[in-house]
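Structural features, examined
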Protein chains: 2
Amino acid sequence: MAQFINSKEDLVTQAIDGLIACSGGALQRLDGYPHIKVVTRSDWDNSKVALISGGGSGHEPSHAGFVGPGMLTAAVCGEVFASPSVEAVLAGILAVTGKQGCLLIVKNYTGDRLNFGLAAERARALGRKVEMVVVDDDIALPDLPQPRGVAGTLFVHKIAGALAEQGEPLETVAAAARTVIEKVASLGTSLDTCTVPGSPKEDRIPAGKAELGLGIHGEPGVEHVPFIGADDAMMRVLEKLRSQADAKNCVALLNNLGSTTPLEMSVLSNAIADSGIANFVIGPAPMMTSLDMHGFSVSILPVDEKELEALQQPVPMAAWPGLFSLSGVATQPLPDGLTPIAPIPSKNENTKATLEHIADLLIDAEPALNALDAKSGDGDTGSTLATAARALKGSLDRMPLADLTQLFPALGNELSQTMGGSSGVILAIFFNAAGDACAGGANVEDALQAGMDRVSQVGGAKVGDRTMIDALQPGLSALQNGLKSAAEAARSGADGTANIHRAKAGRAAYVPSENLKGHNDPGAEAVALVFEGLARGL
Amino acid sequence: MAQFINSKEDLVTQAIDGLIACSGGALQRLDGYPHIKVVTRSDWDNSKVALISGGGSGHEPSHAGFVGPGMLTAAVCGEVFASPSVEAVLAGILAVTGKQGCLLIVKNYTGDRLNFGLAAERARALGRKVEMVVVDDDIALPDLPQPRGVAGTLFVHKIAGALAEQGEPLETVAAAARTVIEKVASLGTSLDTCTVPGSPKEDRIPAGKAELGLGIHGEPGVEHVPFIGADDAMMRVLEKLRSQADAKNCVALLNNLGSTTPLEMSVLSNAIADSGIANFVIGPAPMMTSLDMHGFSVSILPVDEKELEALQQPVPMAAWPGLFSLSGVATQPLPDGLTPIAPIPSKNENTKATLEHIADLLIDAEPALNALDAKSGDGDTGSTLATAARALKGSLDRMPLADLTQLFPALGNELSQTMGGSSGVILAIFFNAAGDACAGGANVEDALQAGMDRVSQVGGAKVGDRTMIDALQPGLSALQNGLKSAAEAARSGADGTANIHRAKAGRAAYVPSENLKGHNDPGAEAVALVFEGLARGL
């Protein structure tokens, strides 16, 4: 899979330089490329306890994105999914550690433990005061002697970071970090694996399944579980975390593992809010990612007042999403003035049958119109019209069917409420204008023509622009000669749109001409299908 | 493609509720689901100019994520890629517009223009003071009469929002918005299309190509261009924007279109910093996404002092990444104490030939060991060892080959500098301990055994844990009977790891037993291959 990188070799160094360049001078790095990749705070004066974390890259914004006042002093970055070397960690320690000493915050992976551990030994041999904590928050494999460190690490960064920034001594900062590690628990789930740069993507999750209890380095998950939807996926994660959430104040950290969209993350936020598992939330945001993994993790931390306060301290790094109370959804009543005066229903079997017929024609045409729209747009013209047609059929008993002057605007109001996109408004304009014309004494044909004229004026489209008007205009013009003539004229107009390779209005105007060639405009096609259906009779 | 949603119908309403639930009480919504989806500031008192934006969903965090002090007062959300209805926009206007009036900020799409435009008319008819601006920043199609509105809209939100927050009158706020719209230009590029929920993904971008000049609703790009890498892709975007960047102060807004990883976005940040096109940057961050599109866009705005100040004003919404100056990459020199004292080179042709032989064996085994590692890990064992072996071969002339007491730690230091991951450290521990033993008078076999004991102790692994020790321990034990015996013992140990279905140490400990069955541990296999190669002779 193609990715926005230049080469595997330069990937991490270029990414670090990009991060630093966009930091507004807040970050700098050690001059040790390519082996030594250490990002540090530019404003650091060694006067407080330094916090150092790091590990393999591919988890961005961890860890360099959290370097700054109130969180990390330095991040030691390895290549993608590979621990940094002892020398790199040692360089980080020596660069930022003053008399107050430093705390190494390490995720529990053999490589990180070894490299950070040996670097700590070498730094101590050089006279530095170094403490190290190992985060092992993953509960995916409950019987594992060495659980992995995953997104719960962020709690340690933030709480220890706030204390260090306040000037607390190393012993206090390290003890607070160990308490957090003792309490925090995390679990992740995913719909797809990650893409390691330069390697093919593994395709190990079957359709209809999700992986539960995965790692952040492409390690397979503990189990494949059925994937039913977002709420169910969140429930499966939370049920394993719930026993950890036994406290007055609980914080849930909702982490995007990579390529889950903000829309999906918000649906998951809704599920977590409904679950009642926590009363505070951090995220949703990408914090400890696994490259482009399409998944999420939840970390739960029961907190005391001091920890809550430390988590609430604002920090200037954009990657930190902040902590917020999880609340119900506050609503305010709809304002007055929205509802047009409701028409008085009346009956006309003939009009009703005609409207039902038109609605059925559009419902039947749904797949064909969607397919046509997919050639030049987002493939939803058929669904938009069919949805509105279904709603229209259900509303006919509320309609003033016996009075066209009332019926036209009522149809417009109905369609503008049930149709999304521009179609609803265009039809509302059409029918409102037709109603106006009726009220002014016009017959049906003239009223419809008045509607079309108004649409053309507001929407800025005319015949030849490759819109529904290419069928509607000739169809309406021919209507005085009967429905059969109108149908033929509309069909001819619709088919002519296949030769218009440059749309001038509507969404197709944004589409290259090659994509338009040989396909009718879906709006014009819909108009032609309706005229033809009406000409065939009920 | 599976997504973390529950149903297409509830997608947008659930996502909005999730956003509100995680806002810490900062957001609320109108009680008009499902048709009316309007998110508003909870702290709004109608005393200033209200800013209202919106449009189809699928562009998160736009627009609801930018509702808050200093940006939007309300966001009117449609279904995915579908404009909200006139009623929804009208509800938003009536809910938040006080005596100071409101500004509608609309992206230039027919649907949005029509719905917001008609709602503005209806609100004016009800006595509200309403101005509307239409953002048309996309330069993908330079000859289009109606350019699209894309991520440049964020500049309008932020600058108009800062002015409104300061209490400026509607005329001033609207004029500032129009000035921004006049100046801003945007262009996007992508490696893959977006996945519309409930629809199959279109596969229209050929391998080796990128789409340039795409829209944010899945509309095809203007052209397919060769994709060479991140720097080239950024250059193709910037060269079309450069003519717009003619000012003393220019701001680049670097927008993630969806599923581009933070790592890739930082590589792109590096490219934009190097280009010199702007001296300020907003992002990289997802601001105006197109669902999960794997792409990015750049928006360029030349700014005066007042606009710069407005963009710099902090806002509490996590989705706004802030504005930073684009700077060079500041470095600090490496600290003292990193470099171990260099050994004095010496010659021994026999030792050199043996080390070269071992290195060649590992280089030859690269693909086989990678394949084996892919069964239970991240598939890089072979590459890690081969890379180190190549570096080792290049370093032999610098090595103290005539003195094992010096050679062992020198090998350890060399390997710990050139190997990533845990392997480098484990071998450093191994050789440092072997050197210590040599210095204490041990022979080669005993020194190597001492190295292995230390690795076992620090790494926490013993025979039977499915690590390299399963081959190394028996191999070293049999070494006193000659290389042939050692090779047989190591092979037997390595093959035995295929029957160990539960790793207790190393990365394989995180892998389910099904993935381990029948495959040798790659570390143990590497040890066996080396012993076998040595037994065969040079």
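A brief look at the structure comes next. (Residues numbered from 1 in each chain as written. Chains lettered and ligands numbered in written order. Predicted model: local features only at pLDDT ≥ 70, side-chain atom pairs only at ≥ 80, totals over all residues. Heavy atoms only, no water.)

Take the pattern of salt bridges next. In total, this model carries 46 salt bridges over all chains according to the counting rule given. Between Glu414(B) and Arg398(B) there is a salt bridge, and its shortest N-O distance comes to 3.6 Å. Of this pair, Glu414(B) sits in helix α12 (residues 404–418) while Arg398(B) sits in the loop between α11 (381–395) and α12, and the two are 16 residues apart along the sequence. The class for Arg398(B) is partly exposed, based on a relative accessible area of 49%. One salt bridge connects Asp495(B) with Arg491(B), and the closest N-O pair in it is separated by 2.9 Å. With Asp495(B) and Arg491(B) both in helix α16 (residues 483–496) and four residues apart, the pair spans about one turn of that helix. The network of salt bridges with shared partners includes Arg41(A), Asp43(A), Lys48(A) and Glu165(A). (Salt bridge = Lys/Arg side-chain N within 4 Å of Asp/Glu carboxyl O. Helix = DSSP H or I, 4+ residues; strand = E, 2+ residues; numbered from the N terminus. Buried < 20%, exposed > 50% of the residue type's maximum accessible area, 1.4 Å probe, protein only.)

Attention now moves to the sheet that holds strand β10 (residues 250–256) of chain B. Residues and elements named next belong to chain B. Spatially, β9-β8-β7-β12-β10-β11-β13 is the arrangement adopted by the seven strands of the open sheet, whose pairing is mixed. Every interior strand has two partners, whereas the edge strands, β9 (223–226) and β13 (323–325), have only one. Neighbour to neighbour, the strand axes of the sheet diverge by 25° on average, direction disregarded. Two strands pair when backbone bridges link them, and strand β7 (residues 185–192) and strand β8 (residues 209–212) are joined in this way by two bridges, in the antiparallel orientation. (Pairing = 2+ DSSP bridges. Axes fitted to C-alpha atoms, helices over the stretch in contact; angles between N-to-C directions.)

Tracing the backbone through its elements, the reader meets Ser266(A) in helix α7 (residues 262–275). With a relative accessible area of 12%, Ser266(A) lands in the buried category. Apart from the residues within four sequence positions on either side, Ser266(A) is in contact with Gln14(B), Ala15(B), Gly18(B) and Leu19(B). (Contact = heavy atoms within 4.5 Å.)

Right, let's talk about the pairing of β10(B) for a bit. Residues and elements named next belong to chain B. In terms of burial, β10 is a largely internal element, seven of the seven residues being buried. The alternating pattern of β10 places Cys250, Ala252, Leu254 and Asn256 on one face and Val251, Leu253 and Asn255 on the opposite face, and all of these are buried. Looking at chain direction, β10 and strand β12 (residues 294–302) are connected through seven bridges and run antiparallel. Residue Asn256 lies in a different strand from β12, and its bridge partner there is Phe296. Bridge count between β10 and strand β11 (residues 280–285): four bridges; the pairing is parallel. Pairing of Asn255 across the sheet is with Ala285, part of β11. Viewed along the sheet, the connection from β10 through helix α7 (residues 262–275) into β11 turns out right-handed. (Right-handed = clockwise from strand over helix to strand, strands pointing away.)

All names here are of chain B. Locating Phe155 in the fold gives a position in helix α4 (residues 153–165). Each C-alpha atom of the pair Phe155 and Val184 lies 8.1 Å from the other, and the pair is 29 residues apart in sequence. Those residues in contact with Phe155, other than ones at most four positions away along the chain, are Val180, Val184, Val251, Leu253, Ile282, Ser299, Ile300, Leu301 and Leu311.

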